[in-house]
Every structure is written in structure tokens, then in C-alpha cells.
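An overview of the molecular structure
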Amino acid sequence: GAGVSQSPSNKVTEKGKDVELRCDPISGHTALYWYRQSLGQGLEFLIYFQGNSAPDKSGLPSDRFSAERTGGSVSTLTIQRTQQEDSAVYLCASSLADLGGETQYFGPGTRLLVL
Amino acid sequence: AQSVTQPDIHITVSEGASLELRCNYSYGATPYLFWYVQSPGQGLQLLLKYFSGDTLVQGIKGFEAEFKRSQSSFNLRKPSVHWSDAAEYFCAVAAVSGGYNKLIFGAGTRLAVHP
């Protein structure tokens, strides 16, 4: 079956511009996660969705970052006024439920480069 | 606070040799532990996971891992490495809070395989 998909696969933007990153989770998965992978920080958690609500936004690095999820499916991560330190690979994952230890399935990521 | 340490940043082995990748975790309760593999330009693929029960866990691609509570370790092993195993390997612990989990990752170990 189809896995987690993300778009675009690559994004190059200029400093100060806004970007939107999209995640399509596996159908029927209620939990959705965003992670960021960067050279300096490794893999770090950003935000978690259960359905359309986000009980945990603790990993968002600043108020320039926001995310939403609609219809319990597609999620969009928005970065406003991008900075060079935002350059990273943004990974989305989904799981069937939000039980402890439930397997998270990852998408291929969006590689963001801020010039 | 929960944390994961992968002491080896880079490992090189010959094809056909055995492999052990180290992982140490810090977590207050019984942990949920995972090993993921990331090939260049790809997302993360789950190799195996530990929830409870048998401390020796079998995964895909011939990998196994052993949970040792006394050593706070969850090392990944493979008896005979193939050239296609060259990739980056991440150990993770699920920080379970409020009924859901977010993954705390180690820094990763990059595996190179010599022919």
C-alpha cells in the first residue's frame, strides 16, 4: 500500500520568504508527527497531531513555525520569514494510533535550503 | 530527561564480516526502543523494535538487537554484512507522555561496507 508521502521533495528559497511543506500520511493513521533532521541538531521532534488537534507543539523552534492538519489527514508545516538556520530535511511520520511505542512510518522528507 | 547515545559516528566493516552498532539510552521506565535505517536521500525505515518480553528482537534484513536493562543498552547486530547495508542507522526511544509517543533519536551511526 501507499506509504507516507511528502511534497515538495526539495525546496530552495530565499531568506525571508515563507514556505509550506506538505505531508500525506498513510490512510487511516490517526497520529501524525513532524521531525527535523539537520547537521547540527540531528533528528528532533517538532509537533504531534492526533486527528486535527496538536496536543504537543513543544518542538517547534520559534513562532515562525506553525502546522495544521485537516480532515484528519493531510498536514502542512509552514515556516514564515525563513532563516538560513531553517535549512534541514523535514520528515513526516504517521502511526495507526497514538499508543505508547506504536510504530511510526516515515516519509522521504522535504529537503529545504534557505539561501 | 530521556536521551539516546550512539557512541560510534562512523563504522567501516568488510562485506561478510559481523556487525554490532551500539546504543545506550536514558529513560525512567521500561523503554520502547527502535532501530531505524536511512539510505541516502531516503526516509527512515524501521528495522526492529522492543516493547517487552523477549530481550532478543529479530528484525528485517537479518538484523537483531538485544535489550539489556542492566546496561541500558539496545545494540544492533548482524552476523554477515552485505554491501547494501551501507546506510545510516538510528537508535530511538519513545518518550511516552499523555498516551502518545515522540521519538528521541541518537545522533546516528554511518556504516560503510568495503567489498
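One can find the structure itself at the top, above this paragraph.
Below is a summary of the structure that appears in this document. In this text the structure is predicted, and so the values were computed from the model without any measurement.

Here we look at the overall build of chain B
Helix and strand counts for chain B come out as zero helices and twelve strands. In chain B, the succession of α and β elements from N to C terminus is β-β-β-β-β-β-β-β-β-β-β-β. Rg of the C-alpha trace for chain B: 14 Å, near the compact-globule value of 13 Å for 115 residues, within the 12% margin. Each principal axis of the C-alpha distribution contributes one length, and for chain B these read about 45 × 30 × 25 Å. For chain B, buried positions account for 45% of its 115 residues. Accessible area of chain B: about 5,400 Å², with a carbon and sulfur share of 49%. For chain B, the distance from the average position of its 9 positive side-chain charges to the average position of its 8 negative side-chain charges is 7 Å.

Some remarks on the sheet that holds strand S8 (residues 75-79) of chain A
Residue and element names in this part refer to chain A. In space, the four strands of this open sheet follow the order S1-S3-S8-S7, with antiparallel pairing throughout. Taken across any chain shown, the strands that pair with only one partner, and hence form the sheet edges, are strand S1 (5-7) and strand S7 (65-69). The average angle at which neighbouring strand axes cross in this sheet is 15°, direction not considered. Of the pairings in the sheet, the one linking S1 to strand S3 (residues 19-24) comprises three bridges and is antiparallel in character. Residue pairing for S3: Ser7 is matched across the bridge by Arg22.

Here we look at a nonpolar patch on the surface
Residues and elements named next belong to chain A. A contiguous nonpolar surface patch, about 280 Å² in accessible area, is contributed by Val12, Leu113 and Leu115. Mapped onto the elements, Val12 comes out in strand S2 (residues 10-13). The exposed category is assigned to Val12, whose relative accessible area is 54%.

Examining the pairing of strand S11 (residues 110-114) of chain A
Residue and element names in this part refer to chain A. Along S11, the buried face is formed by Thr110, Leu112 and Val114; none of Arg111 and Leu113, which line the opposite face, is buried. Two elements, S2 and S11, share four bridges in a ladder whose sense is parallel. Along S11, the bridge assignment pairs Val12 with Leu113. Here strand S9 (residues 88-95) runs beside S11; their pairing, made up of three bridges, is antiparallel. Paired with Ala88 across the bridge in S11 is Leu112.

Quick notes on the state of the cysteines
One covalent bond between the sulfur atoms of two cysteine residues makes up a disulfide. All names here are of chain A. Under the definition given, this model contains two disulfides over all chains. Disulfide partner of Cys23: Cys92, at an S-S distance of 1.9 Å. Judged by the torsion about the S-S bond (-65°), the Cys23/Cys92 disulfide is left-handed. Of this pair, Cys23 sits in strand S3 while Cys92 sits in strand S9, placing them 69 residues apart in sequence. With relative accessibility at 0%, the residue Cys23 sits in the buried group.

Some remarks on the pattern of salt bridges
Residues and elements named next belong to chain B. In the structure shown here, the tally under the stated rule is nine salt bridges over all chains. A salt bridge links Arg77 to Glu66; the nearest nitrogen and oxygen atoms lie 3.2 Å apart. With Arg77 in strand S9 (residues 73-78) and Glu66 in strand S8 (residues 64-68), this residue pair connects regions lying eleven residues apart in the sequence. With a relative accessible area of 23%, Glu66 lands in the partly exposed category. Three or more residues are tied together by salt bridges with common partners; here these are Glu64, Glu66 and Arg77.

About the criteria used
Residues numbered from 1 in each chain as written. Chains lettered and ligands numbered in written order. Predicted model: local features only at pLDDT ≥ 70, side-chain atom pairs only at ≥ 80, totals over all residues. Heavy atoms only, no water. Helix = DSSP H or I, 4+ residues; strand = E, 2+ residues; numbered from the N terminus. Rg over C-alpha atoms; globule rule 2.2 N^0.38 Å. Buried < 20%, exposed > 50% of the residue type's maximum accessible area, 1.4 Å probe, protein only. Areas by Shrake-Rupley, 256 points an atom, 1.4 Å probe, with all protein chains shown as cover. Lys, Arg positive; Asp, Glu negative; His and termini not counted. Charge placed at Lys NZ, Arg CZ, Asp CG, Glu CD. Pairing = 2+ DSSP bridges. Axes fitted to C-alpha atoms, helices over the stretch in contact; angles between N-to-C directions. Patch = residues over 30% accessible without salt bridge, like charges linked within 9 Å, V, L, I, M, F, W, Y side chains within 5 Å. Salt bridge = Lys/Arg side-chain N within 4 Å of Asp/Glu carboxyl O. Disulfide = S-S within 2.5 Å.

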